[in-house]
Number of protein chains: 2
Amino acid sequence: MLIGKTMIFESKPAILSFASVAGKKESEGPFGKYFDICGHDSFFGENSFEKAESKLQKLAVEYALKKATLNFGDVDCIFAGDLLNQCIGSSFGLRDFGIPICGLYGACSTMALSIINACVQIEAGLARRTVSVTSSHFCSAERQYRFPLEYGSQRPPTAQWTATASGAVVLTNEQQKAYIDKATIGKICDLGVKDAGNMGAAMAPAAADTIRRFFVDTRTRPQDYSAIFTGDLGYVGSTLLYELLDEDGINIRENHNDCGMMIFDREGQDVHAGGSGCGCSASILTGFILKEIENGHLPNVLFCATGALLSPTSTQQGDTIPCVAHLINIRKND
Amino acid sequence: MLIGKTMIFESKPAILSFASVAGKKESEGPFGKYFDICGHDSFFGENSFEKAESKLQKLAVEYALKKATLNFGDVDCIFAGDLLNQCIGSSFGLRDFGIPICGLYGACSTMALSIINACVQIEAGLARRTVSVTSSHFCSAERQYRFPLEYGSQRPPTAQWTATASGAVVLTNEQQKAYIDKATIGKICDLGVKDAGNMGAAMAPAAADTIRRFFVDTRTRPQDYSAIFTGDLGYVGSTLLYELLDEDGINIRENHNDCGMMIFDREGQDVHAGGSGCGCSASILTGFILKEIENGHLPNVLFCATGALLSPTSTQQGDTIPCVAHLINIRKND
């Protein structure tokens, strides 16, 4: 059912299993103990950063399926995307699985986007079990978006640190501990921010737009939810999000947290404005949030993943940064 | 309903309108007269090839909506993707529309992928009207995937020519002249082809796999369809597709054509193995095929769009080319 532009899933697409993979730095952060698989270097046994990123997705999907005791053939469709040019993190990471694949591009919003599309397919009765997965890798992202690490370039205080991480979620049409109740697909918002070193500022308006539309469509308020997680606005973007929502009388400060603020220790890990990358919110969702939903600590959660849809080319051509934010409402079953 | 891994759309998501945009070379080709909007140069009024590609998508969507007398607000979701790094053709082309957007990545298979996802959302009752759109641009693709045009590099005989084109399809949950009846989402196939100058050979196994699975799932044969269009295997890939399907006793030669073979005059336009690019099959679909379905010349069509999921980085790292093919069955209403 569609209310406004918010989707209500009547079939309650349910969370069957999930898995998280994290790099060394991420596993040393505040949520390190929650991740299923932790790497000891940047390579995960591969010989390039890009291949390492593919490995992250491969490991996450394999582990999530293992937890659910599923084979590849049991999955009707896998929804995947990442930040690398032509999404090679996904295509190469998942190519051996033989699962029908729907490639997505939502930049750092991909975890929410891939879950939404999976839910829609289950709701339509066109899939019984699906996998949603995404990843990011600090080293592959730095040399693609900014500079090769060897340059040792300085990062501005507003910059965020791309997480080396992945998360995979297996959804099913059969009842489980938790399910996706609603979703709002984001519109592209571009308020003219041009600074590719300040993604939080660029993305905050997209998050505000989606969250605002969700509350209007569902006639609910922030206090109706156990927690509201955005990913990955970081410290700069989260502050701006509060201010933007204030204009509409919406105050999420009480129960909001941001995956980009959670994944690293801001002071101890030298990450400036926080974490980012598709894998940041994906790993926090699959490492921490879903467990908290299932164990009843956070029975009713909003997860709003944000993405900056720029490319190095668009920045070089002087263009601004269009952004998007996709939101899902995840609930514990009564 | 899911039969095997093939989706049967019981709600008959219908084609409300569609539009095609083509570049100068494409409009001089055999199907030039069918395209709605034709450009006179490579820029479409913009100052870079990438911005020109965004403009292609913008024009295609605007024209398709105009034909259907719809406003942006009437559309529940737009499904879009392209070949450019971070899919900036879509993000920048569609950013002003204010329509919820689902970004996709399927390389040259994107037109089928975006229609499938739109159909699934309509089937789930989670959208009333959707837009599916994609694009490609010869000049932006050449400098991103291969060499800047200024280098004047020579192309091998197996190379395909990226079409400068776009196509947009508006789908609706209300009955129209034609509808999407079935769809098969592709699996990644990688038989080890490494030559990025021979995409047809790399993609043929993916097309064969999807077409084979569709026939098995639906218990139908090639002769049950008015026509089978692949896009964009070109001359090399189409020949290989015939041979691969021969192994399973499937002969599509009688009613097959390939968008990459159709869009250009092979001899007169110096395109070697044919056309390619997301916009190639998108413009042939929206320029020619859908009209032939609606007017009853081709009442029951298979459209199988193929994509090569490589990136320049994966090729430089010596990797092979994973490919995918997504298939839809489009039918005229009785």
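Rules and cut-offs
- Residues numbered from 1 in each chain as written.
- Chains lettered and ligands numbered in written order.
- Predicted model: local features only at pLDDT ≥ 70, side-chain atom pairs only at ≥ 80, totals over all residues.
- Heavy atoms only, no water.
- Helix = DSSP H or I, 4+ residues; strand = E, 2+ residues; numbered from the N terminus.
- Contact = heavy atoms within 4.5 Å.
- Areas by Shrake-Rupley, 256 points an atom, 1.4 Å probe, with all protein chains shown as cover.
- Buried area = accessible area lost by both parts, 1.4 Å probe.
- Salt bridge = Lys/Arg side-chain N within 4 Å of Asp/Glu carboxyl O.
- Nonpolar A, V, L, I, M, F, W, Y, C, P; charged D, E, K, R; others polar.
- Phe/Tyr/Trp six-rings, centres within 6.5 Å; stacked < 30°, edge-to-face > 60°.
- Buried < 20%, exposed > 50% of the residue type's maximum accessible area, 1.4 Å probe, protein only.
- Lys NZ or Arg CZ within 6 Å of the ring centre and 35° of its normal.
- Polar contact = N/O pair within 3.5 Å; in protein donor to acceptor, adjacent residues only side chain to side chain.
- Least-squares fit on C-alpha atoms with pLDDT ≥ 70 in both.
- pLDDT = per-residue confidence, 0-100.
- Axes fitted to C-alpha atoms, helices over the stretch in contact; angles between N-to-C directions.
- Disulfide = S-S within 2.5 Å.
- Core = buried A, V, L, I, M, F, W, Y, C linked by side-chain atoms within 4.5 Å.
- Pairing = 2+ DSSP bridges.
- Right-handed = clockwise from strand over helix to strand, strands pointing away.

S.K.: Explain the overall build of chain A to me, please; I cannot follow it from the model alone.
M.R.: When you go through chain A residue by residue, the secondary structure sums to 10 helices and 15 strands. Referenced to the eigenvectors of the C-alpha coordinate spread, the extents of chain A come out at roughly 50 × 50 × 35 Å. Sequence-distant contacts in chain A: of pairs separated by 6 or more residues, those separated by 24 or more amount to 79%. In the structure as shown, chain A presents an accessible area of about 10,800 Å², 48% of it carried by carbon and sulfur atoms.

S.K.: What should I look at first to understand the interface of chain A and chain B in this one?
M.R.: For an interface, size is often stated in terms of accessible area lost upon the parts coming together. With 65 residues of chain A in contact, the opposing surface of chain B contributes 65 residues. Between chain A and chain B, the buried area comes to about 4,800 Å², and carbon and sulfur atoms account for 59% of it. Where chain A meets chain B, there are six salt bridges. Close ionic contact of Arg-95 of chain A with Asp-190 of chain B constitutes a salt bridge, the shortest N to O distance being 2.6 Å. Tallying contributions element by element places helix α4 (residues 110–123) of chain A first for the side of chain A that touches chain B, with five residues. Its residues placed into classes, the side of chain A that touches chain B shows 33 nonpolar, 19 polar and 13 charged.

S.K.: Before we go on, may I ask you to explain the packing of aromatic side chains in this structure?
M.R.: One pair of aromatic rings is described through two measures. These are the centre distance and the angle between the planes. Summed over all chains, the structure comprises 20 aromatic pairs over all chains. Note on Phe-72 of chain A and Phe-97 of chain A: the rings are 4.4 Å apart at their centroids and 15 degrees apart in plane angle, and the pair reads as stacked. With Phe-72 of chain A in the loop between α2 (49–67) and β5 (77–82) and Phe-97 of chain A in the loop between α3 (88–93) and β6 (101–103), the pair connects residues that are 25 residues apart, well separated along the chain. Judged by its relative accessible area of 31%, Phe-72 of chain A is partly exposed. Residue class for Phe-97 of chain A comes out buried when judged on its relative accessible area of 6%. The aromatic ring of Tyr-235 of chain A is capped on one face by Arg-266 of chain A, whose charged end is 3.8 Å from the ring centroid. A cation over an aromatic ring shows up here: Lys-25 of chain B above the ring of Phe-264 of chain B, its NZ or CZ 5.8 Å from the ring centre.

S.K.: Help me out: how do you make sense of the side chain of Thr-320 of chain A in this one?
M.R.: With respect to the helices and strands, the residue Thr-320 of chain A is situated in the loop between α10 (312–316) and β15 (323–332). By relative accessible area, which is 15% here, Thr-320 of chain A ends up buried. One polar contact links Thr-320 of chain A to Asp-190 of chain A, side chain to side chain, over a distance of 2.7 Å. Reaching out from Thr-320 of chain A, the side chain makes a polar contact with the side chain of Arg-95 of chain B at a distance of 3.0 Å.

S.K.: Is there a simple way to explain the relation of the copies chain A and chain B in this structure?
M.R.: Two copies of a chain can be linked by a rotation about an axis combined with a shift along that same axis. Screw-axis analysis of chain A against chain B gives a translation of 0.0 Å along the axis, an RMSD of 0.0 Å, and a rotation angle of 180 degrees. Seen this way, the second copy is the image of the first under a two-fold rotation axis.

S.K.: How do you make sense of the confidence of the model for chain A when you look at a structure like this?
M.R.: Detailed reading of the predicted coordinates is not advisable wherever pLDDT falls low. Residue-level pLDDT values for chain A average 97, and 100% of them are 70 or greater. This complex was scored by the predictor with a pTM of 0.98 and an ipTM of 0.98.

S.K.: Quick question: what am I supposed to make of the side chain of Ser-48 of chain A here?
M.R.: Looking at where Ser-48 of chain A falls in the secondary structure, it is placed in the loop between β4 (37–38) and α2. Using a relative accessible area of 7% as the deciding quantity, one classes Ser-48 of chain A as buried. Within the structure, the side chain of Ser-48 of chain A is placed 3.0 Å from the backbone nitrogen of Lys-51 of chain A, a separation counted as a polar contact. Excluding anything up to four places from it in sequence, Ser-48 of chain A contacts Phe-43 and Arg-143 of chain A together with Gln-317 of chain B.

S.K.: Sorry, what's going on with the packing of helix α4 (residues 110–123) of chain B against helix α9 (residues 278–294) of chain B here?
M.R.: Residues and elements named next belong to chain B. Contact geometry of α4 with α9 gives a least axis separation of 8 Å together with a crossing angle of 60 degrees. Here α4 contributes Thr-110, Met-111 and Ile-115 to the contact with α9, which in turn contributes Cys-278, Ser-281, Ala-282 and Leu-285. Within the contact of α4 with α9, the residues separate by chemical class into five nonpolar, two polar and no charged.

S.K.: When you look at the state of the cysteines in this model, what are you seeing that I'm missing?
M.R.: Applying the stated criterion to the full structure yields zero disulfides over all chains. Cys-87 of chain A takes part in no disulfide bond, and the closest cysteine sulfur, belonging to Cys-87 of chain B, lies 5.9 Å away. Sulfur of Cys-119 of chain A: no disulfide; nearest cysteine sulfur belongs to Cys-102 of chain B and is 12 Å away. Its relative accessible area of 0% is what places Cys-119 of chain A among the buried residues.

S.K.: What exactly am I supposed to notice about unusual backbone geometry here?
M.R.: Most peptide bonds take the trans configuration, and most residues that are not glycine carry a negative phi. The residue after Gly-231 of chain A, namely Asp-232 of chain A, is reached through a cis peptide bond having omega 5 degrees. Despite not being glycine, Lys-12 of chain B shows a phi value in the positive range, around 50 degrees. By secondary structure assignment, the location of Lys-12 of chain B is in the loop between β2 (6–8) and β3 (14–22). Overall, the relative accessible area of 38% leaves Lys-12 of chain B in the partly exposed class. Look at Cys-87 of chain B: it is not a glycine, yet its phi comes out positive at around 50 degrees.

S.K.: Help me out: how do you make sense of the nonpolar core in this one?
M.R.: The nonpolar side chains of a soluble globular protein tend to be buried with one another. Counting residues in hydrophobic clusters, the biggest one holds 121 residues, and the most contacted among them are Val-61 and Phe-215 of chain A together with Val-61 and Phe-215 of chain B. Not counting residues within four places of it along the chain, the set of residues in contact with Phe-215 of chain B comprises Thr-220, Arg-221, Pro-222, Tyr-225, Ile-228, Ile-250, Ile-252 and Leu-302 of chain B.

S.K.: Looking at this structure, I do not really get the pairing of β5 of chain A. What am I missing?
M.R.: A regular strand carries its side chains on alternate faces of the sheet. All names here are of chain A. Counting buried positions along β5 gives six out of six residues, so the element sits mostly inside the fold. Residues Cys-77, Phe-79 and Gly-81 of β5 are buried on one face, and the alternating residues Ile-78, Ala-80 and Asp-82, pointing to the opposite face, are buried as well. Pairing of β5 with strand β7 (residues 129–136) involves six bridges; the strand directions are parallel. Paired with Ala-80 across the strands is Val-133, a residue of β7. The pairing of β5 with β6 spans three bridges and is classified as parallel. Note on β6: the bridge partner recorded for Ile-78 is Ile-101. Handedness of the β5-α3-β6 crossover: right-handed.

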